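What follows is the residue order along each chain.
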Amino acid sequence: MHPWVIKRLLGALLTVWASVTLAFFALRVVPGDAIASQLLQGGASEADVAARRAALGLDDPLTVQYINYLAGLVRGDLGRSLLNRQPVSTLIAEQFGATAALAVSALTVALLVGLALGSVEAVYWPRLPGRLAGIVSLLALSTPVYWSGSLAILLFSAGLGLLPATGSGDTAHLILPAAVLGFHVSGSIARVTRASLRRTSGTDFVRTARAKGLRARRVFTHHVLRVGLLPVVAVVALQTGFLLGGTVITETLFARQGIGQLLRDAILDQDFPVVQGVVALSAAIYSLVSAAADLLYGLLDPRVRVEGGHQEHD
Amino acid sequence: MKYLFALIPLLLILAACTGSTPASSLPEPRIVYGLTLMPTGFDPHINASSELGIPLRSVYDTLVYRDPVTAEFVPGLATRWELSADGLSYTFYLRSDVHFHDGTPFNAAAVAANLDRIVSPDTGSQKALFMLGPYNGYQVVDDFTIRLNLTEPYAPLLDSLSQVYLGIASPTQLAQYDTATYQFHQVGTGPYRMVEYVPGDRLVITRNPDYAWGPPFYTTPANPIQTIEFRFFEDPPTRALALESGDAQVMGELLPVDAQLLAGNPTQRLYPIIRPGQPVQFMINVRRFPTDNLSVRQALIYATNRAAIVDAVFQRFAAVAYGPLTQTTDFYSPDVTTFYPFDSGQAESLLFAAGFTETDAEGMLALPAPNPTAAPGQPTATAATDQSGSVPLRLTMVIPPWSQYPAIAQLIQSQWRILGIDLEIRQVANFAQLREAAAAGDYHLIGITFSGRDPSLLNQFFLTAAPLNWSGYTDIELDAYLNEGTRQPDPAIRQQMYAAAQRRIMEQAVVLPVVDYANLNGASTALEGMAFDAQGWFPLLPNLSLTESAGP
């Protein structure tokens, strides 16, 4: 394997370890746990609570719990939910498909809309289409998913009856949430696209291309876009992290199945192992996506070739 | 870059493939019933969520039932029952014509297997176990007779046995799956069978055509609902939208403002159900100055305009609470309504009598600076004083985020400010933090409310040694009422005991009751027969029918 890849993988592992460690201790700094809450609300006495906690190993010293957890993690065992005793890996696997579908389709929407808005803005500024695209991308960036989502449900479901508002059933159920989440993410993609395209338009090689007598369209598609879209790759990688968080809100709003809902409930119930599992997964995905983005960067831009384990950014 | 674009159609295909399709081959008519939260687990013997009972109440039968109107105990899987003279054993005579959804017969051994499972430490029950109280094993008398033994008399047992948490599951099925997996394969004897449970997405049940042993209040309508799909709507504003758009035909826990709008919608009907148990209330800390003073506690209740809160926060879909139990709870005593009507004049004079005679520039009350010969009982060292040495009337209230506590607390804050009472509100995120705040003890009022039809839930809050005695109130007399109320099987005696307990709690002003919480359910007008069981939370699903083709 290429030494650079190995280095990135090691970096990813380190990131995952740091995230789960942080999650492990942060969760335990906050008072209380799932068992005490649930049992007391179920009518148990303090003695019952203490016995149950001891049986689950929640009374062990924190370092012992941590070492046990890491040992499990190394074996691929994420532990079991305190509340329903299901393996955390099963709980996550059950929900992963729905969230992946939402995140991938939202990202697709975001890319299509964001690239279009950003390009229009770069090319047509300061004429009307450019200004309109600028307003729309600003709107996308500044409206929270919560608000635009409620509005979309009101308009397309309750009002026009075009699309189902809630649930995870089929593809029709995916359209609204993916559009809403994707629209929000498209804002930042559009901004980066615009800025980068404009910067590229002013560079020497573009001037040379124009001087060669190439048509404006060809200069844009073959020269400006090729180089100008590079930073977008980085933004997309960054937005993957946001998407993982954004699905929490989107899934709750649209009553969709998914990791987001699992995480939200686990946090509220203080079901530590589940929260830690989701954190580990998110960290892993995020590290891998950003490593992939770096790699892609090199493939797309000959100026940023990865050589001998060193990477040169412009 | 072109590689990236080439990926897009691929991603779209992937997205389309990962979505799951709901079972569509199930019999019609079909409705979608909206649950308000996603329970962490759906096993009624293990998990404690009240939401799980909404579907599962109709998957299981219980040994006894309670009439939804009269709250009388009526036969369920047991045709009759006897209590021994010493109050220590209940004998249940079981029906012999019942079989589980998997075809296996119901009998005393099945009840025994269920009890064994509930009390086993391996099960890790979070509620069912504690509902059995001083349970001490059973004897199978014959195939259709079982005796439950207790270590001490426990009157709430029948109420416990009437609830879904003690529903009787197929022993065959229990043996086949473990405690983590049974929830996906539940089998009972009830009017509906469980089809599937997809965590985070749906739980589906279909009508049990063999069901012929239901309690008398289960009717058989002409066009009953054959298939019910339960879905999870955790975001409150989405609930009304889902009803309106036809995504769901029934929905629980609507926001009061949405309920108000729904009331004017001809296609929807509102079913507000006052929850039995405790009202939305605050426990008053009697161990801390100045609420250690009875006059101050009484003044706080007089000072709270609860009708205004019902109007503003609950859009009038709830009722003013006067005591520690809501009006739909067993042995609720209407006597409590005579205590503490809203009366700011009375509140002012009680506070004056308690020593809060000074008013600062902003009109806030304070206890004057103590002179060297301060009257005994007046605080000197324990309370915070300002520069002049006088003690301002400053209170701290801890609240959870649910049951409209934040909105209620803010209204109380503004109502009290007018009278010169300075209230600081501290909101916590969940029950664990609420408990932590209670243990720290630095509060004057703390919001907590439990639901349940039997008033024995008061024991968890008002017995001297109770785990949730967050008032810190100790009273031998009250302990005696509550203990006897739990021990005495005779309803007439229980009535007396709980009437005395409610009176005592209000005389001593240990709680500030605010409002009898109403669960605001909404349903399509195409649905007929919407009604809820005696616990107020669980719908009588077999009675539902569709008047027209209004399904999803």
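What you are looking at is a predicted structure, and each value in this text was computed from that prediction instead of being measured.

Reading guide: rules and limits
- Residues numbered from 1 in each chain as written.
- Chains lettered and ligands numbered in written order.
- Predicted model: local features only at pLDDT ≥ 70, side-chain atom pairs only at ≥ 80, totals over all residues.
- Heavy atoms only, no water.
- Helix = DSSP H or I, 4+ residues; strand = E, 2+ residues; numbered from the N terminus.
- Rg over C-alpha atoms; globule rule 2.2 N^0.38 Å.
- Buried < 20%, exposed > 50% of the residue type's maximum accessible area, 1.4 Å probe, protein only.
- Contact = heavy atoms within 4.5 Å.
- Areas by Shrake-Rupley, 256 points an atom, 1.4 Å probe, with all protein chains shown as cover.
- Lys, Arg positive; Asp, Glu negative; His and termini not counted.
- Charge placed at Lys NZ, Arg CZ, Asp CG, Glu CD.
- Salt bridge = Lys/Arg side-chain N within 4 Å of Asp/Glu carboxyl O.
- Pairing = 2+ DSSP bridges.
- Domains from an automatic or database assignment.
- Buried area = accessible area lost by both parts, 1.4 Å probe.
- Polar contact = N/O pair within 3.5 Å; in protein donor to acceptor, adjacent residues only side chain to side chain.
- Nonpolar A, V, L, I, M, F, W, Y, C, P; charged D, E, K, R; others polar.
- Expected span 1.5 Å × (residues − 1).
- Arc of directions from axis to C-beta.
- Core = buried A, V, L, I, M, F, W, Y, C linked by side-chain atoms within 4.5 Å.
- pLDDT = per-residue confidence, 0-100.
- Axes fitted to C-alpha atoms, helices over the stretch in contact; angles between N-to-C directions.
- 1 Å grid on protein atoms, 1.4 Å probe; cavity = no way out; pocket = protein on both sides within 12 Å on 5 of 7 lines; lining within 4 Å.
- Points joined across faces, edges and corners; volume = space filled by probe spheres on them.

Visitor: Got a minute to help me understand the overall build of chain B in this structure?
Guide: Check the secondary structure of chain B and you find 16 helices and 24 strands. Against the globule reference of 24 Å for 552 residues, chain B gives a C-alpha radius of gyration of 26 Å, in line with a compact fold. Residues classed as buried in chain B amount to 60% of the 552 residues present. Long-range pairs, those at least 24 residues apart, make up 70% of the contacts in chain B with a sequence separation of at least 6. Summed over all atoms, the accessible surface of chain B reaches about 20500 Å², with 53% contributed by carbon and sulfur. Considering chain B, the positive charge centre built from 30 side chains and the negative charge centre built from 52 side chains are found 2 Å apart.

Visitor: Mind showing me how you'd approach the pattern of salt bridges here?
Guide: All names here are of chain B. Inspection of the entire model under this criterion finds 27 salt bridges over all chains. Residue D97 is joined to R95 by a salt bridge in which the shortest nitrogen-to-oxygen separation is 3.0 Å. The residue R504 makes a salt bridge to D475 at a minimum N-O spacing of 2.6 Å. One end of the pair, R504, is in helix 16 (residues 491-507); the other, D475, is in the loop between helix 14 (459-462) and helix 15 (476-487), and 29 residues separate them in sequence. Linked through salt bridges whose partners overlap, the residues forming this network are R66, D159, D330 and R453.

Visitor: Can you walk me through the sheet that holds strand 16 (residues 365-367) of chain B in this structure?
Guide: Sheet strands associate in pairs through backbone hydrogen bonding, adopting either a parallel or an antiparallel arrangement. All names here are of chain B. Taken in spatial order, the three strands of this open sheet run 15-16-17, and their pairing is antiparallel. Pairing within the sheet leaves two strands with one partner each, and these edge strands are strand 15 (358-359) and strand 17 (391-392). Relative to strand 16, strand 15 runs antiparallel, the two sharing two bridges. Among the inter-strand pairings, T359 is bridged to a residue of strand 16, identified as L365.

Visitor: How should the domain arrangement of chain A be read in this particular structure?
Guide: Accessible area lost upon the coming together of the parts is a frequently used measure of interface size. All names here are of chain A. Domain annotation for chain A reports domain 1 (1-83 + 269-314) and domain 2 (89-267). Here the C-alpha centre of domain 2 lies 28 Å away from the C-alpha centre of domain 1. Counting residues at the interface gives 22 residues for domain 1 and 21 residues for domain 2. A combined buried area of about 1900 Å² lies between domain 1 and domain 2, and 77% of that area is made up of carbon and sulfur atoms. When the buried surface of domain 1 facing domain 2 is broken down by residue, V278, Y286 and Y297 rank first, second and third, together holding 28% of it. Applying the counting criterion to the domain 1 and domain 2 interface returns zero salt bridges. There are six residue pairs in polar contact (both at pLDDT 80 or more) connecting domain 1 and domain 2. Looking at which element gives the most residues to the side of domain 1 that touches domain 2, the answer is helix 13 (residues 272-300), with 14 residues. Looking at the side of domain 1 that touches domain 2 residue by residue, the classes come out as 13 nonpolar, five polar and four charged.

Visitor: Please clarify how helix 4 (residues 62-74) of chain A should be interpreted in this entry.
Guide: Since the α-helix packs 3.6 residues into each turn, any two residues three or four apart lie on the same face. All names here are of chain A. Over its 13 residues, helix 4 extends 18 Å from the first C-alpha to the last, a length consistent with the 18 Å expected when each residue adds 1.5 Å. Three or more residues of helix 4 are buried, namely Q65, Y66, Y69 and G72. Each buried residue of helix 4 sits inside an arc of 125 degrees when the element is viewed along its axis, so together they form one side. Away from its buried face, by an angle of more than 90 degrees, helix 4 presents the exposed residues T63, I67 and V74. Residues of helix 4 that are buried in the fold lie against helix 1 (3-29) and helix 13. Of the residues flanking the end of helix 4, it is G76, one or two places downstream, whose phi is positive at about 85 degrees.

Visitor: Sorry if this is basic, but what is going on with the interface of chain A and chain B here?
Guide: The interface of chain A with chain B comprises 62 residues on the first partner and 58 residues on the second. Taken as a group, L40(A), Q41(A) and R85(A) account for 10% of the area that chain A buries against chain B, more than any other trio of residues on that side. Taken together, the connections running from chain A to chain B amount to two salt bridges. Residues E46(A) and R435(B) are paired through a salt bridge, measuring 2.9 Å at the closest nitrogen-oxygen approach. Where the side of chain A that touches chain B is concerned, the elements lending two or more residues are helix 2 (34-41), helix 3 (46-55), helix 5 (88-124), helix 7 (145-159), helix 8 (171-201), helix 11 (230-253), helix 12 (259-269) and helix 13 of chain A. Counting residues per element, the side of chain A that touches chain B draws most heavily on helix 5 of chain A, at nine residues.

Visitor: Honestly, the nonpolar core in this entry has me stumped. Any pointers?
Guide: The nonpolar side chains of soluble globular proteins are, as a tendency, buried together. Residue and element names in this part refer to chain B. In terms of nonpolar packing, the biggest core is built from 104 residues, with F282, I408, I412, W416 and F462 touching the most fellow members. Excluding residues that lie within four positions of it along the chain, W416 makes contacts with L300, A303, T304, L395, I421, L423, L445 and L512. The next biggest cluster of nonpolar side chains, apart from the first, holds 74 residues, and it includes L132, L174, I205 and W537.

Visitor: How should the confidence of the model for chain A be read in this particular structure?
Guide: When pLDDT is low, close inspection of the predicted coordinates is not appropriate. All names here are of chain A. Taken as a whole, chain A shows an average pLDDT of 84; of its residues, 96% reach a score of 70 or greater. Predicted confidence in chain A is weakest over strand 2 (residues 310-311), with a mean pLDDT of 46, and strongest over helix 4, with 91. Within the model, the stretch residues 308-314 combines pLDDT values under 50 with ten contacts to residues more than four positions away or in other chains.

Visitor: Is there a simple way to explain the side chain of D235(B) in this structure?
Guide: Looking at where D235(B) falls in the secondary structure, it is placed in the loop between strand 10 (227-232) and helix 7 (236-244). Buried within the structure, D235(B) lacks any salt-bridge partner; its nearest side chain of opposite charge belongs to R264(A), at an N-O separation of 6.6 Å. In contact with D235(B), other than residues within four places in its own chain, are Y146(A), T252(A) and L253(A).

Visitor: Looking at this structure, I do not really get the pairing of strand 22 (residues 518-524) of chain B. What am I missing?
Guide: Strand residues, when the strand is regular, have side chains that alternate between the two faces of the sheet. All names here are of chain B. Of all the seven residues making up strand 22, seven are buried; the element is thus mostly covered by neighbouring parts of the structure. The alternating pattern of strand 22 places A518, L520, G522 and S524 on one face and N519, N521 and A523 on the opposite face, and all of these are buried. One ladder, built from seven bridges, connects strand 12 (residues 268-274) with strand 22; its direction is antiparallel. The residue of strand 22 that forms the bridge with I273 is N519.

Visitor: What should I look at first to understand the sheet that holds strand 8 (residues 192-198) of chain B in this one?
Guide: All names here are of chain B. An order of 8-9-10-1-11-22-12 is seen for the seven strands of this open sheet, with the pairing classed as mixed. Lying at the two open borders of the sheet, with one neighbouring strand each, are strand 8 and strand 12. Note: strand 9 (residues 202-207) against strand 10, five bridges, orientation antiparallel. Within the sheet, the bridge partner assigned to I205 lies in strand 10 and is I228. Most of the contacts of helix 8 (residues 256-263) go to strand 12, to which it runs at about 135 degrees, and overall it touches strand 12 and strand 22.

Visitor: Can you help me understand empty space enclosed by the protein in this one?
Guide: To find leftover empty space, a probe the size of one water molecule is rolled over the atoms. Counted by the stated rule, this structure contains seven cavities of 30 Å³ or more. By volume, the largest cavity amounts to about 220 Å³. If you go around the largest cavity, you meet 22 residues; those closest to its centre are N84(A), L262(A), M38(B), P39(B) and T40(B). Top contributing element to the lining of the largest cavity by residue count: helix 12 of chain A, with five residues. A breakdown of the residues in the lining of the largest cavity according to their chemical character gives nine nonpolar, nine polar and four charged. Considered as a void within the structure, the second largest cavity measures approximately 70 Å³ in volume. Lining the second largest cavity, in full, are R57(B), Y65(B), R66(B), S162(B), F217(B), Y218(B), D533(B), A534(B), Q535(B) and L540(B).

Visitor: Help me understand helix 12 of chain A in this model?
Guide: Taken residue by residue, helix 12 of chain A has I259(A), G260(A), Q261(A), L262(A), L263(A), D265(A) and A266(A) as its buried positions. Where helix 12 of chain A is buried, its residues contact helix 5, helix 11 and helix 13 of chain A together with strand 10 of chain B.

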